[in-house]
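# Structure assessment
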Amino acid sequence: MTTSNESTAPASATKTALKYLAGQLRQVGLFSALIVIVLFFQFATGGITLRPINVSNLVIQNSYILILAIGMVMVIIAGHIDLSVGSLVAFVGAMAGVMITQWHVPWPLTIVLCLVIGGLVGAWQGFWIAYFRIPAFIVTLAGMLLFRGAAQIALQNQQISPFPEAFRRMGSGFLPAFGTSGYEPLTLILGALAAIVLLYGSLRQRMVRHTYGLETEPLWYFILKLAFSVFLIGCMAFLLASYNGTPIVLVILGVLIVAYAAIMARSVFGRHVYAIGGNLHAAALSGVKTKRVTFLLFVNMGVISALAGLVFTAQLNLASPSAGTGFELDAIAAVFIGGAAVTGGIGTVTGAIIGGLIIGLLNNGMSILGVGTEYQSLIKGLVLLAAVAFDVYNKRRVGGR
């Protein structure tokens, strides 16, 4: 009998592990897709994808989409959508160009004023959505047209360039490098600090959940997920350290990810956003101030869009009335590919970032391989459709269970 019990124990443990992984299909599938795409393009491009210079360019060139995805995922979790972010990127870039090159406003003050403009635009749209109950799709569609026109008026359909070097560094500059050979030490230090923060936060959250008797993930899965995340951070740090070091925009992006992930996971506001997206009427009956939360969501989206507009303008060294075209589609696609539910109530900041990286890798890899833009759009459309279909399938599978 002892031998029989011992032989069935590993089988039972394996079955339990597989069952848990099936329950985490959304998260596991997302990380698996990222790894598969990286490996595919690494082999298809002859190793170009993971070259340090390409990794650095990948971060810089997709930074504004990742910034937009952070705000967009919060809006979509709440059951709304924002189609105006691309036009707002253009409008903020236009205002930055006019302020710096024509009005001679110092660039630090210009950044502050542009963020204020973004907040006011978000408040304008949030007012109609939250208090007049006009669907966000309609309000932001109007905003897409309105602010595109405003950008064209501000620039008089002309392009403005160049910008001061200090302003441009926000979009394409690097932190000061230390040392002249080998790996850049500051980047390695920042990578180590990021890994430590991740380890501390994850362990602390697990202990808190254990203290209050809340359900926690199995220890083996927790360790595996943590080890994989630390490994990714380490690889990124070493790749960047072997080139020019840490892009300034990556620091901005890292601060945003940490701050907004904490807000959505641990704050009352974050829980209210999930509650509104899960069931608006139940949230209102539970005492959630749904109108105020919705209003603040769009104010936040406006500020995030303004920041993306500043980063994009600084990176391009150009304010153009056509800037930001299609950015809203890339941001929305990143959120849905990252695991957010179409109906709201589900999604994470981390997932949106991974979704944005997947889009960035597809764009980068297909460009290296010489794939035409028409086929790039076709492939990205199929990836988005597959992500949404996977979400619907996963919901039905869990519901059936």
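Thresholds, definitions, all that
Residues numbered from 1 in each chain as written. Predicted model: local features only at pLDDT ≥ 70, side-chain atom pairs only at ≥ 80, totals over all residues. Heavy atoms only, no water. Salt bridge = Lys/Arg side-chain N within 4 Å of Asp/Glu carboxyl O. Helix = DSSP H or I, 4+ residues; strand = E, 2+ residues; numbered from the N terminus. Buried < 20%, exposed > 50% of the residue type's maximum accessible area, 1.4 Å probe, protein only. Patch = residues over 30% accessible without salt bridge, like charges linked within 9 Å, V, L, I, M, F, W, Y side chains within 5 Å. Areas by Shrake-Rupley, 256 points an atom, 1.4 Å probe, with all protein chains shown as cover. Phe/Tyr/Trp six-rings, centres within 6.5 Å; stacked < 30°, edge-to-face > 60°. Lys NZ or Arg CZ within 6 Å of the ring centre and 35° of its normal.

The tally for this structure, following the rule as stated, stands at one salt bridge. Residue Arg168 pairs with Glu165 through a salt bridge whose shortest N-O separation is 3.5 Å. Linking Arg168 with Glu165, this pair stays in helix α8 (residues 165-172), spanning three residues, or about one helical turn. Judged by relative accessible area, which is 28%, Arg168 ranks as partly exposed.

With that settled, consider a nonpolar patch on the surface. A grouping of Ile189, Leu190, Leu193, Ile196, Val251 and Val255 is seen on the molecular surface, where their side chains present a nonpolar patch of about 510 Å² in accessible area. Going through the elements one at a time, α9 (185-211) and α11 (248-266) are the ones with two or more residues in the nonpolar patch. Along the chain, Ile189 turns up in helix α9. Relative accessible area serves as the criterion here: at 47%, Ile189 is assigned to the partly exposed category.

All right, on to the packing of aromatic side chains then. The final tally for this structure, using the stated rule, is 16 aromatic pairs. An angle of 15° between the planes, with centres 4.8 Å apart, marks the rings of Tyr64 and Phe327 as stacked. In this pair, Tyr64 is assigned in helix α4 (residues 63-77) and Phe327 in helix α15 (residues 327-337), connecting sequence segments 263 residues apart. In terms of burial, Tyr64 and Phe327 fall into one category: buried. Relative to Phe327, the ring of Phe312 has its centre 5.0 Å away and its plane inclined at 90°; by these criteria the two rings are edge-to-face. One end of the pair, Phe312, is in helix α14 (residues 290-316); the other, Phe327, is in helix α15, and 15 residues separate them in sequence. Take Phe312: its relative accessible area is 10%, and that puts it in the buried class. Chaining the aromatic ring pairs together yields one cluster made of Trp124, Phe127, Trp128, Tyr131, Phe132 and Phe295. Note that Arg206 overlies the ring of Phe222, its terminal NZ or CZ placed 4.8 Å from the centroid.

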